[in-house]
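Geometric and topological summary
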Amino acid sequence: MADQAGNENREEAQFDVVIVGAGFSGMYMLHKCRGLGLRAVVLDAASDVGGTWYWNRYPGARCDIHSMDYSYSFDEDLQQEWEWSERYSPQPEILSYVEHVAERFDLRRDIRFDTTVVAASYDEDANLWHLETSTGETWSGTYCVLAVGCLSVPQKPDFDGLDQFKGPWYHTGLWPHEGVDFTGLDVAVVGTGSSAIQSIPQIAKQARHLTVFQRTPNFAVPAWNRKLGEEEVREIKENYTAYREYARWSESGYNGEEAHESGHDVSENRRISELERRWAVGGFTVLSTFSDVGSDLEVNEMVADFARDKIRQRVDDPEVAELLCPKNHPFGTKRLCVDIDYYETYNLPNVSLVNLSDAPIEAITPDGLKTTEKAYSFDAIVFAIGFDAMTGPLLNIDIKGRGGQSLREKWVDGPQTYLGLGVAGFPNMFTVTGPQSPSVLTNMMSAIEQHVEWISDCLGYMKDQNLDCIEAAEEAERDWVKHNLEVADTTLYPQADSWYVGANMEGKPRVFYPYVGGFGEYRKKCDAIAAEGYRGFELGSAGQQA
Ligand code: FAD
Ligand code: NAP
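Scope of this entry: the structure provided in the associated data block. What you see is a predicted model; the values in this text were computed from it and never measured.

This brings us to the site of ligand 1. Near ligand 1, the surroundings consist of 32 residues, among which Ser-25, Asp-44, Thr-52, Asp-64 and Tyr-70 are the closest. Between Trp-55 and ligand 1, the recorded distance is 3.1 Å, taken from a side-chain N or O atom to an oxygen atom. At the level of secondary structure, the elements contributing two or more residues to the shell around ligand 1 comprise α1 (24-35), α2 (52-55) and α14 (444-464). Counting residues per element, the shell around ligand 1 draws most heavily on α2, at three residues. Considering only residue class, the shell around ligand 1 consists of 18 nonpolar, twelve polar and two charged.

Written out as structure tokens, the structure is:
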């Protein structure tokens with residue numbers, strides 16, 4: 001007898017659905033599959049549930065979307081009973097929530113942890129996906145759902161000499177579970193993206209000296225984080241159905257103030273007062289002060305100027321403040337950071353900033369690192385250098401579709417998908433929050449629920465119709481890719497060297513990876529396609545050409 005993964009005699013464990021990833025996406029997908037009476041299994045490289053919140057345990061890690069929005073909405077009892085303590089939940093609390101969900105819905109019994117999928121291939125004759133793990137097991141299913149996340153492959157700190165460094169080094173995205181005590185140490189942080197901006201103020205509290213190495217400054221807006229008040233939570237919970245419904249059809253998947261006027265249509269006084277008002281609210285509200293912040297460079301520059309002035313007000317040393325002011329990309333075109341005391345940290349005597357823009361890191365040395373200008377010594381280094389985003393987790397797996405076609409080859413010039421849900425030539429394979437879906441430009445919880453529900457509705461439809469093969473049509477895919485790029489070109493996003501365009505990875509194709517046409521609009525499109533019998537997909541049953 002073979003066990004579920006055929007460890008004994010290499011027989012395969014066979015399921016209706018094999019899901020890769022046990023973060024928010026994979027967990028909900030499993031729950032939905034069970035509801036449809038489908039046999040499903042989840043595979044994850046991690047030792048427990050949580051995905052992002054399992055791996056990213058660096059000090060200061062927390063969500064940048066309000067906790068009341070950044071949570072599942074699919075179960076009324078769950079959302080009523082769970083209590084968030086802060087406006088932006090810290091990572092340990094989000095992880096407790098994930099663990100609670102896993103227990104509440106008894107998910108772990110169908111999740112195989114410490115299981116890394118290295119290859120997946122579609123067997124046309126059997127209409128099965130075979131997934132291979134790093135230990136040589138094979139898991140098979142009619143459908144393969146890749147819930148591998150958009151930010152789950154940390155970028156390797158590929159610096160010469162790293163192996164010679166005498167002290168410990170860390171990547172924010174692979175933080176040790178036991179935590180790190182920096183007390184009394186000289187510490188370097190490389191990077192100034194969201195992970196760095198969250199962790200720098202915390203590391204500075206412990207380190208003897210903290211040196212931040214900045215290649216590009218980022219815009220950050222204040223979180224004004226605080227404990228959630230009983231009254232505000234009660235109000236939201238009493239109206240949670242309507243609250244969630246608003247998020248579902250909104251531009252960005254959460255309850256926030258949307259813009260109603262162009263930045264050109266307001267007087268200077270009104271512009272400043274509106275920006276001040278939104279600044280006082282904090283978070284992403286600032287990004288939507290005017291309807292054209294993301295599309296009109298002149299309006300964007302007004303907001304950018306305002307944000308730069310705030311940096312100058314918060315940082316005592318004018319030279320440091322100037323270094324921290326972003327000047328090479330429009331406001332919000334790199335992921336806007338939401339900060340707690342980030343800029344004030346540079347006023348501390350034990351914190352310094354090194355500008356890498358003219359003198360990049362040349363190598364890591366046994367004692368620290370050297371830029372093209374100078375050598376520095378440290379006891380520990382923290383790399384907050386980001387991820388091989390969006391396509392990285394998918395292309396990490398050697399995926400072969402119909403006729404042995406390789407996804408890596410198909411996507412050599414950038415991803416090609418239909419709705420970020422399916423790929424032509426790869427039947428019965430779905431991607432949750434895949435490239436060319438709104439994903440990272442939204443509250444990901446909303447995006448995840450929308451995708452998982454769309455996929456599970458589709459699987460239910462297939463089951464009811466006695467079908468078992470679905471594949472995106474080439475033409476529908478071509479049109480979607482074109483539409484994606486056209487919409488992106490109406491915005492300022494492509495102007496920044498961000499991970500949204502793959503600019504953070506050498507050699508990565510420069511295209512726009514997420515869909516920027518708005519979450520509510522995207523949902524309407526997906527719903528219409530489903531209502532029309534999955535227009536743009538070819539449906540069939542095994543033995544018959546789809
Ligand atoms: P993930 O949580 O990334 O889970 C994917 C899982 O797949 C991982 O556990 C991984 O181990 C597993 N996996 C991947 N490849 C393989 C493989 N080959 N074999 C086996 N297992 C594999 N989004 C927001 O909307 N708001 C926020 O505030 C926010 N904060 C964030 C903070 C950080 C530090 C980061 C990195 C991201 C943040 N995000 C945020 C985005 C976040 O990734 C999503 O909100 C969400 O958690 C993604 O869930 P997921 O299940 O889709 O993917
Ligand atoms: P990131 O935004 O990609 O930032 C990486 C930083 O490292 C950048 O400042 C980058 O500089 C720098 N860097 C990369 N390689 C470098 C090198 N060789 N030398 C010097 N500097 C280098 O990554 P992240 O901060 O981990 O965030 C990734 C995404 O995860 C975020 O955008 C967000 O979506 C999500 N996230 C959210 C939160 C939250 O607030 N809830 C927290 C963390 C992460 P350049 O800009 O010059 O490339």
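There's more to say after this.
A cluster of acidic residues, Asp-158, Asp-160, Glu-362 and Glu-506, forms a negative patch on the protein surface. Assignment of secondary structure puts Glu-362 in strand β13 (residues 361-364). You can call Glu-362 partly exposed: its relative accessible area is 42%.

The end-to-end C-alpha distance of helix α4 (residues 91-104), which contains 14 residues, comes to 20 Å, matching closely the 20 Å that a straight helix rising 1.5 Å per residue would cover. Among the residues making up α4, those that are buried are Gln-91, Glu-93, Ile-94, Leu-95, Tyr-97, Val-98, Val-101 and Ala-102. Those residues of α4 hidden inside the fold are in contact with α1, α2 and α3 (76-81). Just beyond α4, the residue with positive phi is Asp-106, at close to 50°.

Running from amino to carboxyl end, helix α7 (residues 240-249) crosses helix α16 (residues 519-531) at an angle of 85°, the nearest separation of the two axes being 6 Å. As summarised for this structure, α7 and α16 are arranged roughly perpendicular, according to the angle between their axes. Residue-level contacts link Ala-247, Arg-248 and Trp-249 of α7 to Phe-519, Gly-520, Arg-523, Lys-524 and Asp-527 of α16. Looking at the contact of α7 with α16, its residues break down into three nonpolar, one polar and four charged.

Right, let's talk about the pairing of strand β4 (residues 117-123) for a bit. The sheet contact formed by β4 and strand β5 (residues 128-133) spans six bridges and is antiparallel. Bridged to Val-117 within β5 is Thr-133. Linking two consecutive strands that pair antiparallel, namely β4 and β5, is a turn of four residues; a positive phi of about 50° is found at Asn-127 within it. Where β4 and strand β17 (residues 398-400) come together, three bridges link them in parallel fashion. Considered in β17, the bridge of Ala-119 is made with Asp-398.

Attention now goes to the nonpolar core. One finds Ile-19, Phe-24, Phe-331 and Trp-454 to be the most contacted residues of the largest nonpolar core, which totals 98 residues. Among the elements that make up this core, the one with the highest residue count is α14 (nine residues). Sequence-distant contacts of Phe-331, defined by excluding residues within four places in its chain, comprise Phe-219, Val-221, Val-286, Leu-287, Val-293, Asn-300, Val-303, Ala-304, Ala-307 and Leu-336. Among the nonpolar cores identified, the runner-up in size contains 32 residues, and Val-180, Ile-311, Leu-324 and Ala-384 belong to it.

With respect to the element layout, Trp-499 can be found in the loop between α15 (474-489) and α16. Considering only alpha carbons, one finds Trp-499 and Phe-512, 13 residues apart in sequence, at a separation of 9.1 Å. Discounting residues that sit within four places of it in the chain, Trp-499 has contacts with Leu-151, Ala-389, Met-390, Val-440 and Asn-504.

Here we take up the site of ligand 2. Residues in contact with ligand 2 amount to 23 residues; listed here are only the nearest, Arg-62, Thr-192, Ser-195, Thr-216 and Lys-334. A distance of 2.7 Å separates an oxygen atom of ligand 2 from a polar side-chain atom of Lys-334. Contact with the protein chains removes 87% of the 910 Å² of surface that ligand 2 exposes when unbound. The dominant element in the shell around ligand 2, judged by the number of residues it contributes, is helix α5 (residues 194-206), at three residues. Of the residues belonging to the shell around ligand 2, the class tally is ten nonpolar, eight polar and five charged.

The subject of this paragraph is the pattern of salt bridges. For the structure shown, the criterion picks out 38 salt bridges. The closest approach of N and O atoms between Glu-274 and Arg-277, which form a salt bridge, is 2.8 Å. Of this pair, Glu-274 and Arg-277 both sit in helix α8 (residues 268-281), three residues apart, which is roughly one turn of the helix. You can call Glu-274 buried: its relative accessible area is 8%. The network of salt bridges with common partners includes Glu-257, Glu-261, Arg-270, Glu-274, Arg-277 and Arg-278.

Let us now look at the side chain of Gln-214. Residue position: Gln-214 is located in strand β9 (residues 209-214). Overall, the relative accessible area of 2% leaves Gln-214 in the buried class. At 2.8 Å, the side chain of Gln-214 forms a polar contact with the backbone oxygen of Leu-323. Not counting the four nearest positions on each side in its chain, Gln-214 is found in contact with Thr-192, Leu-323, Leu-324, Leu-353, Val-354, Asn-355, Leu-356 and Ser-357.

Look at Asn-127: it is not a glycine, yet its phi comes out positive at around 50°. Look at Asn-127 and you get buried, because its relative accessible area is 4%. The phi dihedral of Tyr-534 falls on the positive side, at around 65°, and the residue is not glycine. Take Tyr-534: it is sitting in the loop between α16 and β20 (537-540).

Reading guide: rules and limits
Residues numbered from 1 in each chain as written. Chains lettered and ligands numbered in written order. Predicted model: local features only at pLDDT ≥ 70, side-chain atom pairs only at ≥ 80, totals over all residues. Heavy atoms only, no water. Near = heavy atom within 4 Å. Polar contact = N/O pair within 3.5 Å; in protein donor to acceptor, adjacent residues only side chain to side chain. Helix = DSSP H or I, 4+ residues; strand = E, 2+ residues; numbered from the N terminus. Nonpolar A, V, L, I, M, F, W, Y, C, P; charged D, E, K, R; others polar. Patch = residues over 30% accessible without salt bridge, like charges linked within 9 Å, V, L, I, M, F, W, Y side chains within 5 Å. Areas by Shrake-Rupley, 256 points an atom, 1.4 Å probe, with all protein chains shown as cover. Salt bridge = Lys/Arg side-chain N within 4 Å of Asp/Glu carboxyl O. Lys, Arg positive; Asp, Glu negative; His and termini not counted. Charge placed at Lys NZ, Arg CZ, Asp CG, Glu CD. Buried < 20%, exposed > 50% of the residue type's maximum accessible area, 1.4 Å probe, protein only. Expected span 1.5 Å × (residues − 1). Contact = heavy atoms within 4.5 Å. Axes fitted to C-alpha atoms, helices over the stretch in contact; angles between N-to-C directions. Parallel < 35°, antiparallel > 145°, perpendicular 65-115°, else oblique. Pairing = 2+ DSSP bridges. Core = buried A, V, L, I, M, F, W, Y, C linked by side-chain atoms within 4.5 Å.

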